[in-house]
Amino acid sequence: DVSLVVTTRQEDRALLRKADLAMLRPLRVINLTSSLTRYTAGLQLQDSIAEERKSGLVGDTLLLLQHYPVYTLGKRGSDVDFKKPKEELEASGVEICVVPRGGEVTFHGPGQLVAYPILGVRQAGLGARTYVEGLEDSLIDCLAKYGIAARGRVPGATGVWVGERKIAAIGVRISHGISSHGLALNINTDLSYFDNIIPCGIRDKEVTSIARELLRRRTPQPTRGSDSAPDSNLRLYQDQNPLSLQPQPQQQQLEQDRLQSWVDSGAGAVGCPNIVTAISLSVPEFGTVVGELVESFSRRLGFRPEEVRC
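What counts, and at which threshold
Residues numbered from 1 in each chain as written. Predicted model: local features only at pLDDT ≥ 70, side-chain atom pairs only at ≥ 80, totals over all residues. Heavy atoms only, no water. UniProt positions renumbered as here; feature names shortened; annotations may be inferred. Helix = DSSP H or I, 4+ residues; strand = E, 2+ residues; numbered from the N terminus. Buried < 20%, exposed > 50% of the residue type's maximum accessible area, 1.4 Å probe, protein only. Contact = heavy atoms within 4.5 Å. Areas by Shrake-Rupley, 256 points an atom, 1.4 Å probe, with all protein chains shown as cover. Phe/Tyr/Trp six-rings, centres within 6.5 Å; stacked < 30°, edge-to-face > 60°. Lys NZ or Arg CZ within 6 Å of the ring centre and 35° of its normal. Pairing = 2+ DSSP bridges. Axes fitted to C-alpha atoms, helices over the stretch in contact; angles between N-to-C directions.

Under the annotation held in an unreviewed UniProt entry, the chain carries the name lipoyl(octanoyl) transferase and is attributed to Astrephomene gubernaculifera. You can read under Sequence similarities (unreviewed entry) in the UniProt record for the chain the words "Belongs to the LipB family."

Pasting the structure below:
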């Protein structure tokens, strides 16, 4: 009976897929990107989860955030990485934070997806270089879904690039076999903030975003020396193009209260061991990018993402 054979083969393939999934390491995903988070509050949450992971109270975790405007200065950064006095930048409302990750100075802000993988990399058998390359490959796979050809493994320039334009930064910390900090992907970021710094210590390269790259495909490029630029049409493009990635509604105070309450309560492994929000947002385009990154990250590094609502 042909139909019986076909059914049996389909059932066998389904069983094999289930077996493959069972072999993958579970990944807890904490998605707080539906509003903005102060960098210091996010760092406190990240450190809390890292301590719990180190103690074995929680499993591997992927923390997803979107920050208020902030410049973060890594171990190799210094004041010379700023093109304006730090006092002037802080007076404009931008935070400046020194952080224990590798790299120089970078910017985080609205429209940028920041992912902090808190993983037992030693337990997973991942060396530092292999792990960083896995992050690069995850971003490259995610961007390919939008027709953006990106590359990593650029000597002396960790991160992901589209041509000579940097679209994602990577800066990690590994302590006692546990990773923290991670990557930042520009989706619809206000790139003018990068004009105030030397991003990642690289002076002669441009910073870009998914929104800008989508626009480049539809806008004639200016000739050398022209004052016009794709960004001059960015707002019109975002308003009219169904593929545009609009900033999300803020609901800032509500989300900040929720995050701070979670941090202050010392919850996590004890209070709610699987605090996870679904990989979706009120703005589908941004949420789609979040989902694509989680999928590519999990596939590249051998995880099975778990979405559990609390």
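Participant: Please clarify how the overall build of the chain should be interpreted in this entry.
Facilitator: Across its full length, the chain holds eight helices and eleven strands. Out of the 310 residues belonging to the chain, those deemed buried represent 52%. Look at the contacts in the chain between residues 6 or more apart in sequence, and 77% of them connect residues 24 or more apart. Taken as a whole, the chain presents about 15,000 Å² of accessible surface, with 52% of it coming from carbon and sulfur.

Participant: I keep staring at the packing of aromatic side chains and nothing clicks. Help me out?
Facilitator: How two aromatic rings sit relative to each other is set out by the distance from centre to centre and by the angle between their planes. This model, assessed by the stated rule, comprises five aromatic pairs. Ring centres of phenylalanine 297 and phenylalanine 303 lie 6.0 Å apart, and the angle between their planes is 5°; this geometry places the pair in the stacked category. For phenylalanine 303, a relative accessible area of 3% translates into the label buried. Members of the aromatic cluster, joined through ring pairs, are Tyr71, Phe82, Phe107, Tyr193 and Phe194. Seen from the ring of phenylalanine 303, arginine 25 lies directly overhead, with NZ or CZ sitting 4.3 Å from the centre. Positioned above the aromatic ring of tyrosine 68 is the side chain of arginine 38, whose terminal nitrogen or guanidinium carbon lies 4.0 Å from the ring centre.

Participant: What am I meant to see in the sheet that holds strand 3 (residues 70-73) here?
Facilitator: Strand-to-strand pairing in sheets goes through backbone hydrogen bonds, with the strands running parallel or antiparallel. What the three strands build is an open sheet, ordered 4-3-5; its pairing is mixed. In the strand order of this sheet, the two ends are held by strand 4 (95-98) and strand 5 (105-108), each with one partner. Across the sheet, the mean angle from the axis of one strand to that of its neighbour is 25°, orientation sign disregarded. The sheet contact formed by strand 3 and strand 4 spans four bridges and is parallel. The partner of threonine 72 across the bridge, within strand 4, is cysteine 97. Helix-sheet contacts for helix 2 (residues 39-54) involve strand 3, strand 4 and strand 5, and the interaxial angle to strand 4 is about 30°.

Participant: Quick question: what am I supposed to make of the pairing of strand 9 (residues 178-186) here?
Facilitator: Of all nine residues in strand 9, nine are buried; the element is thus mostly enclosed. Pairing between strand 6 (residues 112-118) and strand 9: four bridges, direction antiparallel. Residue pairing in the sheet places glutamine 112 in a bridge with asparagine 186 of strand 9. Pairing of strand 8 (residues 165-175) with strand 9, which is carried by eight bridges, proceeds in the antiparallel orientation. Directly across from alanine 169, in strand 9, lies its bridge partner alanine 184.

Participant: Before we go on, may I ask you to explain the environment of alanine 211 in this structure?
Facilitator: As for its position among the elements, alanine 211 is in helix 5 (residues 210-216). Look at alanine 211 and you get buried, because its relative accessible area is 2%. A C-alpha to C-alpha distance of 8.4 Å links alanine 211 and asparagine 186, two positions 25 residues apart in sequence.

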